[in-house]
Amino acid sequence: MIRRPAGRGGPLTLARAVGTLAVAAVVGSAVVRPGVAQQPATHIVVIAGLGGEPSYREAFHELALQMLDAARDRFGLPDSHLLYLAEDPARAPDRTVARSTRENVEATLGALAERAGPTDRVLILIIGHGSAREGGSAINLPGPDMTGADFAPLLAAFPTQTLAIVNTASASGGFVPALAGSRRIVVTATRSARERNETRFGGYFVRAFTDDVSDVDKDGAVSLLEAFEYARREVERSYESANQLVTEHALLEDDGDGEGSLAANALEGDGTVARRFTLAAGPAVAAGGATGAGATVAAPGDPELAALYAERARLEAEVQALRGGKDDMDPARYEAELEELLVSLALTNRAIRAREEGRP
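Residues numbered from 1 in each chain as written. Predicted model: local features only at pLDDT ≥ 70, side-chain atom pairs only at ≥ 80, totals over all residues. Heavy atoms only, no water.

Digging into helix α6 (residues 201-210)
Within an α-helix, residues lying three or four positions from one another point in the same direction, as the helix has 3.6 residues per turn.
Alright, step 1. Residues Phe201, Gly202, Phe205, Val206, Ala208 and Phe209 constitute the buried set of α6. Projected onto a plane normal to the axis of α6, the buried residues spread over an arc of 145° and lie on a single side. (Buried < 20%, exposed > 50% of the residue type's maximum accessible area, 1.4 Å probe, protein only. Helix = DSSP H or I, 4+ residues; strand = E, 2+ residues; numbered from the N terminus. Arc of directions from axis to C-beta.)

Below, the structure written as structure tokens:
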């Protein structure tokens, strides 16, 4: 059944019912079978908003397809886990779930919430034009627009999953305070709804996944933290090279305090959850939420590599647990234990890379 937030949408007409059922059929095509053990999965929902003119419609559509192609071809995500809502579904009918109306966004996320596993990861990527509204930011869609507050009840339907929402539109900063929460990553192209100029962040964010440019630790995966930092740096560089005033300042929020950071940190504060949310290539497909609970990996035919993945997951969980108890520890002891864990984690990552590359 499609979930609809209370008080929204009005009476269900026949045409709307047909559209809603179509969305449910597509999104529900890979329903998890009860009683069958499943690896935590990654789902990507791309929403391309209203272009307003042909050049923007084309740019938004192409950027969406680039992200979907990278997720499938480079990182091995199945088509059933890649959901695209487009301004004009006729442009790519074989890749599109539905038109990117508010009703279809609600239906798609509601259907996905019904079938997603409890430890799955969900990435919602918004591409388009944004605007400032009283009390927040909005993404421009065909028909009624959607604010951060409109997305809040939709995201609440994923209470145990690790969820990321990336709004690459102008004036997107208001999504941060509206959507921050536990196991939640919120990325916006601007730091407030007042930064209303066309943004460049989205193109660089998608490029972080399409090209081999952002995998800083060379572990065969691209994390949301790596993608954010790459896009943020490239935006700054593009303005500087053109000798222009920077009119967009991207934010990342994932510690739940509702305050985004301009420069995230992989060790403490904003960035710790985004560091663990990866699209992985090859056998190193790590899973788990903000704490890494239930992390699993696939390493067919190589028990030593599987053991290394399990050790990495254990160490990452210990790092998270240690950070959680920082306020109750002696500072010197905390720093010493953290350093020991991080060194062990670095050595384990080195061993994993060597094993994957066939080196002793």
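Continuing now.
Some details on the packing of helix α3 (residues 102-115) against helix α4 (residues 148-155)
Alright, step 1. Close contact between α3 and α4 brings their axes to 10 Å; oriented N to C, the two are set at 25°. By the criterion of interaxial angle, the relationship of α3 to α4 is roughly parallel. Both α3 and α4 take part in a crossing whose hand is right-handed. Contact with α3, carried on its side by Arg102, Val105, Glu106 and Leu109, involves Asp150, Phe151 and Leu154 of α4 and no other residues of that element.
Alright, step 2. Considering only residue class, the contact of α3 with α4 consists of four nonpolar, no polar and three charged. (Axes fitted to C-alpha atoms, helices over the stretch in contact; angles between N-to-C directions. Parallel < 35°, antiparallel > 145°, perpendicular 65-115°, else oblique. Left-handed = near helix turned anticlockwise from the far one by under 90°. Contact = heavy atoms within 4.5 Å. Nonpolar A, V, L, I, M, F, W, Y, C, P; charged D, E, K, R; others polar.)

Some points on the sheet that holds strand β6 (residues 136-139)
Alright, step 1. In space, the three strands of this open sheet follow the order β5-β6-β7, with antiparallel pairing throughout. The outermost strands of the open sheet, each flanked by one partner alone, are β5 (130-133) and β7 (146-147).
Alright, step 2. Note that β6 and β7 share two bridges and pair antiparallel. Its bridge partner lying in β7, Ile139 is registered against Met146. (Pairing = 2+ DSSP bridges.)

Here we look at the environment of Ser344
Alright, step 1. Relative to the helices and strands, Ser344 resides in helix α10 (residues 331-356).
Alright, step 2. As a C-alpha pair, Ser344 and Glu311 span 33 residues in sequence and 9.6 Å in three-dimensional space.

A short note on the confidence of the model for the protein
Alright, step 1. Looking at the protein, pLDDT values average 83 and 80% of them are 70 or higher.
Alright, step 2. Per-element mean pLDDT across the protein ranges from 50 in helix α1 (residues 14-27) up to 98 in strand β2 (residues 82-86).
Alright, step 3. Low pLDDT (under 50) marks residues 1-18, which in the prediction has 26 contacts with non-local residues, meaning those over four places away or in another chain.
Alright, step 4. In the model, residues 29-38 has pLDDT below 50 throughout and makes five contacts with residues more than four positions away in sequence or in other chains. (pLDDT = per-residue confidence, 0-100.)

Here we look at the packing of aromatic side chains
Alright, step 1. In this structure the tally under the stated criterion is six aromatic pairs.
Alright, step 2. Ring centres of Phe151 and Phe175 lie 5.7 Å apart, and the angle between their planes is 55°; this geometry places the pair in the tilted category. Residue Phe151 is located in helix α4, and its partner Phe175 is located in helix α5 (residues 175-179); the two are separated by 24 residues in the primary sequence.
Alright, step 3. What makes Phe151 buried here is its relative accessible area of 1%.
Alright, step 4. Taken together, the ring pairs in this structure connect Phe75, Phe201, Phe205, Phe209 and Phe228 into an aromatic cluster.
Alright, step 5. Across from the ring centre of Phe277, 6.0 Å away, lies the NZ or CZ of Arg121, which sits over that ring. (Phe/Tyr/Trp six-rings, centres within 6.5 Å; stacked < 30°, edge-to-face > 60°. Lys NZ or Arg CZ within 6 Å of the ring centre and 35° of its normal.)

Remarks on the sheet that holds strand β1 (residues 42-48)
Alright, step 1. On the basis of which strands lie adjacent, the open sheet formed by seven strands has the order β3-β2-β1-β4-β8-β9-β11 and mixed pairing. In the strand order of this sheet, the two ends are held by β3 (98-99) and β11 (251-253), each with one partner.
Alright, step 2. Pairing geometry for β2 and β3, over two bridges, is parallel. What sits directly across from Ala86, in β3, is Arg99.
Alright, step 3. The strands that α3 touches are β1, β2, β3 and β4 (121-127); relative to β1, the one it contacts most, it runs at about 180°.

Section: unusual backbone geometry
Alright, step 1. Unusually for a residue other than glycine, Ala171 sits at a positive phi of about 55°.
Alright, step 2. When you line up the elements, Ala171 lands in the loop between β8 (162-167) and α5.
Alright, step 3. Looking at Ala171, the relative accessible area reads 0%, which means it is buried.
Alright, step 4. One non-glycine residue with positive phi stands out, namely Arg183, at about 55°.
Alright, step 5. Locating Arg183 in the fold gives a position in the loop between α5 and β9 (184-188).
Alright, step 6. Owing to a relative accessible area of 28%, Arg183 belongs among the partly exposed residues under this scheme.

Some remarks on helix α2 (residues 54-74)
Alright, step 1. The terminal C-alpha atoms of α2, which comprises 21 residues, lie 29 Å apart, in line with the 30 Å expected from a rise of 1.5 Å per residue.
Alright, step 2. Along α2, the residues that are buried comprise Phe60, His61, Leu63, Ala64, Leu65, Met67, Leu68, Ala70 and Ala71.
Alright, step 3. Of the residues one or two after α2, Gly76 is the one with positive phi, at around 75°. (Expected span 1.5 Å × (residues − 1).)

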